[in-house]
Amino acid sequence: MKQFKGIAANIDMPVLGLVSRNPFSLSRCGQVLVSEGLSLLAKGFSGVITGEIKDKTSQAHVKLTDGSSELVDGDCVLIDKDGMVTVVWEKHAPMNPLLLTEACDCQCLMCPQPPKVHEKRLTETAKKILNLVKVGDDQTICLTGGEPTLLKEDFFAILELIGNKHPNSNVMMLTNGKSFADFQFTKRFVQTRPANFISCVSMHSDVDEVHDRIVGIKDSFYKTAMGLQNLARFREKIEIRVVVNRLNAQRLEAIANFIQRNFPFIYHCAFMGMEITGLARDNYEDVWIDPYDYRDQLSKAVKVLSRANMYVSIYNLPLCLLKSASWAYARKSISGWKKDYVLACESCSKKEDCCGIFTTSGLHLSPHIQSIL
Ligand code: SF4
Ligand code: SF4
């Protein structure tokens, strides 16, 4: 998410609100005014993002020297006590993630969001965001974690809230799928979820031991496989996500065959390049593999699923690291705020079609990134 560091004044509790540049707005509660100075017109706004700090006021405000021009009216921002301004909802983003919890019942070697004890404030913030924002018909709410389903009652409350407030919205959920091994849980989920919903389930291998080694918890493979089958019994819309890493990269064709034979009911399968952040950074030696080194396997894998008439994509991998036969499957999947291009991209004829690279991956780049002429 986009973040800007400012200097906070009178912010005792985090302030959440929709960005507005209209100082005459009638509805001020739940709105954050963006203005150059702090005048009496700011009275009643939940917070103000401004270019100055004023001492003689009780108005919650933050001085931001950089970034306020990037804020769009209708964005939702969270201002923390330390002056950090986070854009938790972008009005024009095609997809906005809502982090519901950092707790997870897996411990994946390449987890970008290392599991932590659940903090209730995350769920409460997500609910407040959902109550504030307007979701466009072309926008997607992405429920993410951690593992959102572990929230149990709060998880169902959030599904209900979306169904009531944003009944026509598109919703996707990133999940390890293990909770759906419980048939009764799956049944309640199906009865509660909003109408346009896709469950994106991680499945990283066709071999139980390899999957369990990647996700760090024994028996996860069988629980996820059972979860997929239970979701299918209710004809749910499902995507399988395979995060490619050193442990599974040379089995991509076998994984594709496994998916095609066992889960032919899925709507979509995505093979995903890794973001080198979080646990992936800590376990770099175990998980990193240059995508260039598995491009043959990846090409075969997408061919297997495509020939089976299944919808298949490649996410997060630049075109120069793929075989040209795979380009048609590569999507521009990296979110705008963490997408970057390097010097070689300037002269690349495929830049417009390429997803670029993760800024969050730092210096961990393939030496094979080079312009396509
Ligand atoms: S990658 Fe997903 S399933 Fe794995 S530990 Fe992280 S949050 Fe959990
Ligand atoms: S050089 Fe840059 S723009 Fe071209 S394919 Fe590679 S990463 Fe993409």
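Predicted, not measured: the structure shown is a model, and the values here were computed from it. (Residues numbered from 1 in each chain as written. Chains lettered and ligands numbered in written order. Predicted model: local features only at pLDDT ≥ 70, side-chain atom pairs only at ≥ 80, totals over all residues. Heavy atoms only, no water.)

With respect to the overall build of the protein
- Helices and strands together make up the secondary structure of the protein, namely nine helices and 17 strands.
- For 373 residues, the compact-globule formula gives about 21 Å, and the C-alpha radius of gyration of the protein, at 22 Å, lands near that figure.
- Dimensions of the protein, computed from C-alpha atoms along their principal axes, come out at roughly 65 × 55 × 35 Å.
- The buried share among the 373 residues of the protein stands at 52%.
- Across the protein, contacts joining residues at least 24 apart in sequence account for 67% of those joining residues at least 6 apart.
- In the form shown here, the protein has an accessible surface area of approximately 17,600 Å², with 50% of it arising from carbon and sulfur atoms. (Helix = DSSP H or I, 4+ residues; strand = E, 2+ residues; numbered from the N terminus. Rg over C-alpha atoms; globule rule 2.2 N^0.38 Å. Buried < 20%, exposed > 50% of the residue type's maximum accessible area, 1.4 Å probe, protein only. Contact = heavy atoms within 4.5 Å. Areas by Shrake-Rupley, 256 points an atom, 1.4 Å probe, with all protein chains shown as cover.)

Quick look at the domain arrangement of the protein
- Looking at the protein, the domain boundaries give domain 1 (3-89) and domain 2 (95-361).
- Centre-to-centre, using C-alpha coordinates, domain 1 lies 34 Å away from domain 2.
- Of the roughly 800 Å² buried where domain 1 meets domain 2, counting both sides, 81% is carbon and sulfur surface.
- Three residues stand out in domain 1 for area buried against domain 2, namely Leu 16, Val 88 and Trp 89, and they jointly supply 74% of the buried area on that side.
- Taken together, domain 1 and domain 2 are joined by zero salt bridges.
- Taken together, the connections running from domain 1 to domain 2 amount to zero residue pairs in polar contact (both at pLDDT 80 or more). (Domains from an automatic or database assignment. Buried area = accessible area lost by both parts, 1.4 Å probe. Salt bridge = Lys/Arg side-chain N within 4 Å of Asp/Glu carboxyl O. Polar contact = N/O pair within 3.5 Å; in protein donor to acceptor, adjacent residues only side chain to side chain.)

Structural notes on the pairing of strand β3 (residues 15-20)
- For β3, the buried fraction is high: six of the six residues fall into the buried class.
- When β3 meets strand β7 (residues 76-79), the two strands line up antiparallel, connected through four bridges. Within β7, the residue paired with Leu 16 across the bridge is Leu 78.
- Judged from the three bridges that link them, β3 and strand β4 (residues 31-34) form a sheet pairing that is parallel. If you follow Ser 20 over to β4, its bridge partner there is Leu 33. (Pairing = 2+ DSSP bridges.)

Topic: the environment of His 61
- Within the secondary structure layout, His 61 lies in strand β6 (residues 61-63).
- When the C-alpha atoms of His 61 and Thr 186 are compared, they prove to be 44 Å apart, with 125 residues separating the residues in sequence.
- Sequence-distant contacts of His 61, defined by excluding residues within four places in its chain, comprise Ile 7, Ala 8, Ala 9, Asn 10, Ile 11, Leu 38, Val 48, Thr 50, Glu 52, Ile 53 and Lys 54.
- At 3.0 Å, the side chain of His 61 and the backbone nitrogen of Lys 54 are in polar contact.

Examining the side chain of Asn 245
- Relative to the elements of secondary structure, Asn 245 occurs in the loop between β13 (238-243) and α6 (252-262).
- Residue classification places Asn 245 among the buried positions, given a relative accessible area of 1%.
- There is a polar contact of 2.8 Å between the side chain of Asn 245 and the backbone nitrogen of Leu 247.

Focus on the sheet that holds β13
- Taken together, seven strands build an open sheet; the order of strands is β9-β10-β11-β12-β13-β14-β15 and the sheet is parallel. Both outer strands of the open sheet, β9 (95-99) and β15 (312-315), are each paired with one neighbouring strand and no more. Here the average twist between neighbouring strands, direction ignored, is 25°.
- Where strand β14 (residues 268-272) and β15 come together, four bridges link them in parallel fashion. By the bridge assignment, Ala 270 is partnered in β15 with Ser 313. (Axes fitted to C-alpha atoms, helices over the stretch in contact; angles between N-to-C directions.)

Some remarks on the nonpolar core
- Among the nonpolar cores identified, the biggest contains 70 residues, and Ile 141, Leu 143, Phe 189, Ile 259 and Phe 271 are the most heavily contacted of them.
- With six residues, helix α2 (residues 153-165) is the single largest residue contributor to this core.
- Met 110, Ala 270, Val 287 and Tyr 315 belong to the second-largest nonpolar core, a separate cluster that totals 18 residues. (Core = buried A, V, L, I, M, F, W, Y, C linked by side-chain atoms within 4.5 Å.)

Observations regarding the pattern of salt bridges
- Taken as a whole and assessed by the stated rule, the structure comprises 14 salt bridges.
- Glu 236 is the partner of Arg 193 in a salt bridge, and the nearest nitrogen-oxygen pair spans 2.6 Å. Of this pair, Arg 193 sits in the loop between α3 (183-192) and β12 (196-202) while Glu 236 is found in the loop between α5 (220-233) and β13, placing the two residues 43 residues apart along the sequence.
- Overall, Arg 193 belongs to the partly exposed group, its relative accessible area being 22%.
- For Glu 239, the salt bridge identified is with Arg 241, shortest N-O distance 2.5 Å. Arg 241 shares its class with Glu 239; the two are buried.
- In this structure, a network of salt bridges that share partners links the residues Lys 120, Glu 124, Lys 127 and Asp 154.

Details of the packing of aromatic side chains
- Tallied over the full model, the rule gives 14 aromatic pairs.
- Centroid distance Phe 183 to Phe 234: 5.3 Å. Interplanar angle 25°. Geometry classified as stacked. Here Phe 183 is found in helix α3, whereas its partner Phe 234 is found in the loop between α5 and β13, with 51 residues between them in sequence.
- We classify Phe 183 as partly exposed; its relative accessible area is 29%.
- Seen in terms of ring centroids, Phe 189 and Phe 197 are 5.3 Å apart; in terms of plane orientation they differ by 75°. Their pairing is edge-to-face.
- Here Phe 189 falls in the buried class, since its relative accessible area comes to 0%.
- For Phe 197, a relative accessible area of 4% translates into the label buried.
- Site record: aromatic cluster; members linked through ring pairs are Phe 155, Phe 156, Phe 180, Phe 185, Phe 189 and Phe 197.
- Looking at Lys 237, its charged tip hangs above the ring of Tyr 267, at a distance of 4.2 Å from the centre.
- Across from the ring centre of Tyr 292, 3.8 Å away, lies the NZ or CZ of Arg 295, which sits over that ring. (Phe/Tyr/Trp six-rings, centres within 6.5 Å; stacked < 30°, edge-to-face > 60°. Lys NZ or Arg CZ within 6 Å of the ring centre and 35° of its normal.)

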